[in-house]
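Topology and contacts: notes
So the chains spell out like this:
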Amino acid sequence: AYGEHGRDAFTRFRVLKRHFRHNSSLLEADIKTGRPHQIRIHCAYIGHPLIGDPFYDIGGIPIDDGTNDRTIGDCGYWLHSTFIGFLHPVSGAVTEIMSKPPSELQYRS
């Protein structure tokens, strides 16, 4: 939790592939809680900040470059959810949505 009034947040990560030439990794993240900026902060905290994220650097620390320019990188965020499941807020039914990742984010062993 960040700050004295922050709530706990938990994400389980697995590195699927490392791209040493591009200084990047393909991760699988299982988000157990739903806090604002959780995935971005946790990725940065474990040393894998999102490509294109102008806000959080390695260690999960907010970037302060003195410019206040927080424009998302040219490629946008390299972040994709292949599966999300939740209880529908009105019906209470289990709702599951699946989406194939774009080719740049697909895992190939």
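All values reported here derive from a predicted model rather than from experimental measurement.

Considerations on the overall build of the protein chain
When you go through the protein chain residue by residue, the secondary structure sums to one helix and six strands. Counting from the amino terminus, the protein chain carries its helices and strands in the arrangement β-β-α-β-β-β-β. Across the protein chain, contacts joining residues at least 24 apart in sequence account for 29% of those joining residues at least 6 apart. When the accessible surface of the protein chain is summed, it comes to about 8,600 Å², and 53% of that surface belongs to carbon and sulfur atoms.

Considering the confidence of the model for the protein chain
For the protein chain, mean pLDDT is 81; residues scoring 70 or higher make up 84% of the total. Within the protein chain, no element has a lower average pLDDT than strand β4 (residues 61–62), which sits at 81, and none a higher one than strand β6 (residues 94–98), at 97.

Some points on a nonpolar patch on the surface
A cluster of nonpolar side chains, contributed by I84, F86 and I97, occupies part of the molecular surface with about 250 Å² of accessible area. In this fold, F86 is placed in strand β5 (residues 83–87).

Notes on the pairing of strand β1 (residues 11–19)
As paired strands, β1 and strand β2 (residues 24–31) are joined by eight bridges and run antiparallel to one another. Bridge pairing in β2 places F13 opposite A29. Here β1 hands over to β2 after four residues, with N23 in that stretch at a positive phi of 50°.

Conventions used here
- Counting restarts for each chain, with residues numbered from 1 along the sequence as it is written.
- Since the coordinates come from a predicted model, pLDDT governs what is reported: local features require at least 70, and pairs of side-chain atoms require 80 or more to be given and counted, while whole-chain, interface and lining totals use all residues.
- With hydrogens and water excluded, all non-hydrogen atoms of the structure serve as input to the side-chain values.
- Put simply, DSSP H or I for four residues or longer makes a helix, DSSP E for two residues or longer makes a strand, and each gets a number counted from the N terminus.
- Contacts are residue-level and defined by heavy atoms, with any inter-residue pair within 4.5 Å sufficient.
- Under the convention used here, a 1.4 Å probe and the Shrake-Rupley method define accessible areas, while residue burial counts only the protein chains that appear.
- The pLDDT value tells you how sure the predictor is about a given residue, anywhere from 0 up to 100.
- Note on patches: the residues involved have over 30% relative accessible area and no salt bridge, like charges join within 9 Å, and the nonpolar side chains Val, Leu, Ile, Met, Phe, Trp and Tyr join within 5 Å.
- Salt bridge criterion: a side-chain nitrogen from Lys or Arg within 4 Å of a carboxyl oxygen from Asp or Glu.
- Two strands pair under a simple rule: DSSP has to find at least two bridges between them.

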